[in-house]
Amino acid sequence: MELVYLSRADVEGLGMSMREVLAALTLGFAAKGRGETEMPPKPGIHTRPDCFIHAMPAYVRGLEAAGLKWVSGYPPNVAKGLPYITGLLILNDCETGVPLAVMDCAWITAMRTGASVGISARYLAPSGSSVAAFVGCGVQARTSLMALVEELPALAEVRCYDLFPEAARRFIGEMGALFPLLRFVACASAPEAVRPADVAVTAIPIVADPRPDLDAGMLKRGGLAVSLDYDSAWTSAAMRECDRFCSDDVGQLLATKEHGVYFGGIPDRISADLGELAAGLKPGRESGSERIFSMNMGIAVDDMVTARVLYERALERRAGVRLPL
Ligand SMILES: NC(=O)c1ccc[n+]([C@@H]2O[C@H](COP(=O)([O-])OP(=O)(O)OC[C@H]3O[C@@H](n4cnc5c(N)ncnc54)[C@H](O)[C@@H]3O)[C@@H](O)[C@H]2O)c1
């Protein structure tokens, strides 16, 4: 027996586009909404303060996608010149359980996270959304913008705030080259970035301090906030004033809340998850004035449906390295 090993460069070299990742996640979320997935809440270990290594298993029936992602997030890595997010993903054969592939998961994580923002925007952004804001201009912000460009045809302005102005400048330089028709605005604070935005994405490290403390009233009426950083950026008051509070997975959200560290301030009622929206079981945005919050924690279903496409493409192209099991 042998498996396919795909390095980060191999994964990237397969050239899966954001549009293709969005298509994979759409199928995955719809399957999840119909109850065709198995995905226990992710357990984690914590070897240093503010750091995590999470185990993320999932099975998506019908798409024959099953496996486990073992992913770490270490805020101090940035100062060491290492990526914040690193890890591996194992894809298994659904029939036999035999491992089919081991692949780097940093690219997958970044792309599927961005795509989840696109899917939130598809169902929950105000129609004609033209202004997006990013608080934290790192890896996930880049892929989130790629997905918003796919989902929001009227997008024209991108407002950017980062604790380190140089990071916002780099973001504007790189993303401006990719999307020359968008207008980029560097902002001096998180509220300045967010206040005029139709869609505001926060993606800062999940640390106790410093926090931008985006407060009640800062998300405009009719706006959509998508948080990729748990409850690091928005205050409880801001989350509670929203008319609807959604998530990519209610089960995982509530299981994490039970641990008592995160989500103490979220509203009691979770109105929908992205699976229910994608399967058409619950309505998306219903009025132009609703403030909506989407708490996207990142789910293993997204990883597995993306990894399955990459694996099939790697077989077609004979990419990567064959290793004996
Ligand atoms: N929900 C998901 O699916 C998912 C997946 C991957 C990562 N994440 C989370 O997304 C967040 C960002 O990850 P990343 O890979 O983009 O990290 P990154 O290091 O590439 O980017 C983070 C950016 O935030 C900036 N920043 C730090 N503190 C800030 C503050 N107080 N205000 C404004 N900007 C600040 C940093 O300077 C940096 O540019 C992390 O919390 C990570 O755990 C979520």
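Residues numbered from 1 in each chain as written. Predicted model: local features only at pLDDT ≥ 70, side-chain atom pairs only at ≥ 80, totals over all residues. Heavy atoms only, no water.

J.: How do you make sense of the environment of Asp198 when you look at a structure like this?
T.: Tracing the backbone through its elements, the reader meets Asp198 in the loop between α6 (190–194) and β11 (199–202). With 148 residues separating them in the primary sequence, Asp198 and Asp50 have C-alpha atoms 31 Å apart. Ignoring anything within four residues of it in the chain, the contact list for Asp198 reads Pro126, Ser129, Ser130, Val131, Lys220, Gly223 and Leu224. Here the side chain of Asp198 touches Ser130 through a polar contact of 2.8 Å, landing on its backbone nitrogen. (Helix = DSSP H or I, 4+ residues; strand = E, 2+ residues; numbered from the N terminus. Contact = heavy atoms within 4.5 Å. Polar contact = N/O pair within 3.5 Å; in protein donor to acceptor, adjacent residues only side chain to side chain.)

J.: Whenever I open this one, the domain arrangement of the chain confuses me. Can you help?
T.: How big an interface is tends to be stated in terms of accessible area lost as the parts join. Assigned domains within the chain: domain 1 (2–108 + 301–324) and domain 2 (117–297). Computed from C-alpha coordinates alone, the two centres of domain 1 and domain 2 are separated by 23 Å. Listed by partner, the interface residues are 18 residues for domain 1 and 26 residues for domain 2. A combined buried area of about 1,700 Å² lies between domain 1 and domain 2, and 64% of that area is made up of carbon and sulfur atoms. When the area that domain 1 buries against domain 2 is broken down by residue, the three leading residues are Met18, Leu22 and Phe29, summing to 32%. Linking domain 1 with domain 2 are three salt bridges, by the criterion used here. (Domains from an automatic or database assignment. Buried area = accessible area lost by both parts, 1.4 Å probe. Salt bridge = Lys/Arg side-chain N within 4 Å of Asp/Glu carboxyl O.)

J.: Honestly, the packing of helix α4 (residues 139–151) against helix α5 (residues 165–178) in this entry has me stumped. Any pointers?
T.: Angle between the axes and distance between the axes are the two parameters that describe a pair of packed helices. Here α4 crosses α5 at 35 degrees, and the two axes come no closer than 11 Å. Once α4 is placed against α5, the crossing between them reads as right-handed. On the side of α4, the interface is formed by Ala141, Arg142, Leu145 and Met146, while α5 contributes Arg170, Phe171, Glu174 and Met175. Of the residues contributing to the contact of α4 with α5, the split by class is five nonpolar, no polar and three charged. (Axes fitted to C-alpha atoms, helices over the stretch in contact; angles between N-to-C directions. Left-handed = near helix turned anticlockwise from the far one by under 90°. Nonpolar A, V, L, I, M, F, W, Y, C, P; charged D, E, K, R; others polar.)

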